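# A look at the structure
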Amino acid sequence: MSEFNSDLGEMAFKLGMLVLKTEISKKESVKLIRSLGGDKEEIIFLQKISKFWNQQNIFDRPDGLAVVTNYRFVFLSKVKTVLTVTDYLSFPYDVIQDIEVTKVMHISPAIRFKVDGKLYVFTFYSNADEVLEAINKARKHIN
């Protein structure tokens, strides 16, 4: 087997492990979100495998789970590297500004928004529009 096929197979295996790990952890995210200051009335609208593209630290780009609840957008880190420092991020909707769907490197579907002047970007395997729609639905739910 060529080195390219071996590398490709290893990458596919790692991706499969991330998907499996994240799918299992989706069931546990309710407890975890509540432990991070979530309300008992908090409802999860959407959960998607995601990557946080830290704009302040290019080495801090963990894979994880993006969760849209009726109160906030949460990112839970699931696969970390030695240089990764982000465990979780939690953004109440009233602090999120200029949210939009975009692409990272002209390929990966993403959402981008600002909080206190800082840019936050999260990519998804597909359908970033679905995440924006869920956030807009949640914002209407709290108003």
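Whatever comes next refers back to the structure up there.
What counts as what
- Here the residue numbering is sequential within each chain, running from 1 through the sequence in written order.
- With the structure being a predicted model, the display of local features is reserved for residues of pLDDT at least 70 and the display and counting of side-chain atom pairs for 80 or more, all residues being used for whole-chain, interface and lining totals.
- Water and hydrogen atoms play no part in the side-chain values, which are based on all heavy atoms of the structure.
- A run of H or I in DSSP becomes a helix once it reaches four residues, and a run of E becomes a strand once it reaches two; helices and strands are each numbered from the N terminus.
- For every residue, the accessible area obtained with a 1.4 Å probe (protein chains only) is divided by the maximum for its type, and the residue is called buried under 20%, exposed over 50%, and partly exposed between those limits.
- The criterion used for residue contact is that any of the two residues' heavy atoms lie within 4.5 Å.
- Pairing between two strands requires that DSSP report at least two bridges joining them.
- Between N-to-C directions, angles cover 0 to 180 degrees, with each direction set by a line fitted to C-alpha atoms, over the stretch in contact for helices.
- The set of buried Ala, Val, Leu, Ile, Met, Phe, Trp, Tyr and Cys residues whose side-chain atoms join them within 4.5 Å is what this entry labels a nonpolar core.
- Expected span of a helix, by definition, is 1.5 Å for each gap between consecutive residues, and there is one gap fewer than residues.
- When we speak of the arc, we mean the arc of directions from the helix axis to the C-beta atoms.
- Centres within 6.5 Å make a pair out of two Phe, Tyr or Trp rings, where for Trp the six-membered ring is used; the pair is then stacked when the planes are under 30 degrees apart, edge-to-face when over 60, and tilted otherwise.

### Overview of the overall build of the protein
Along its length, the protein carries three helices and seven strands. The linear arrangement of helices and strands in the protein, starting from the amino end, is α-α-β-β-β-β-β-β-β-α. The buried share of the protein, taken over its 143 residues, is 38%. Across the protein, the fraction of contacts at a sequence separation of at least 24, relative to all contacts at a separation of at least 6, is 46%.

### Section: the sheet that holds strand 2 (residues 63–69)
The strand order across the open sheet formed by seven strands is 4-3-2-1-7-6-5, and the pairing between neighbours is antiparallel. Pairing within the sheet leaves two strands with one partner each, and these edge strands are strand 4 (88–92) and strand 5 (97–104). In this sheet, adjacent strand axes meet at a mean angle of 30° when their direction is disregarded. Two strands pair when backbone bridges link them, and strand 1 (residues 44–52) and strand 7 (residues 118–124) are joined in this way by three bridges, in the antiparallel orientation. Across the sheet, residue Ser-50 finds its bridge partner in strand 7, namely Phe-124. The strands that helix 3 (residues 128–142) touches are strand 1, strand 2, strand 3 (72–79), strand 5, strand 6 (108–115) and strand 7; relative to strand 1, the one it contacts most, it runs at about 135°.

### Focus: the nonpolar core
Note that soluble globular proteins tend to have their nonpolar side chains buried in a common cluster. Counting residues in hydrophobic clusters, the biggest one holds 23 residues, and the most contacted among them are Val-68, Phe-73, Phe-91, Ile-111, Phe-113 and Phe-122. The set of elements that each furnish at least two residues to this core consists of strand 1, strand 2, strand 3, strand 4, strand 6, strand 7 and helix 3. Ranked by residue count, the leading element in this core is helix 3, at six residues.

### So, helix 3
Spanning 15 residues, helix 3 covers 22 Å between terminal C-alpha atoms, matching the ideal 21 Å at 1.5 Å per step. Within the span of helix 3, buried status applies to Ala-128, Val-131, Leu-132, Ala-134, Ile-135 and Ala-138. Summarising the axial view, the buried residues of helix 3 lie within an arc of 160°, below the 170-degree limit, and thus occupy one face. Away from its buried face, by an angle of more than 90 degrees, helix 3 presents the exposed residues Glu-133, Lys-137 and Lys-140. On its buried face, helix 3 sits against strand 1, strand 2, strand 3, strand 5, strand 6 and strand 7.

### Here's the deal with the packing of aromatic side chains
On inspection of all chains with the given rule, the structure shows 11 aromatic pairs. Ring centres of Phe-52 and Tyr-120 lie 6.2 Å apart, and the angle between their planes is 20°; this geometry places the pair in the stacked category. Residue Phe-52 is found in strand 1, and its partner Tyr-120 is found in strand 7; the two are separated by 68 residues along the sequence. Judged on exposure class, the residue Phe-52 and its partner Tyr-120 are both buried.

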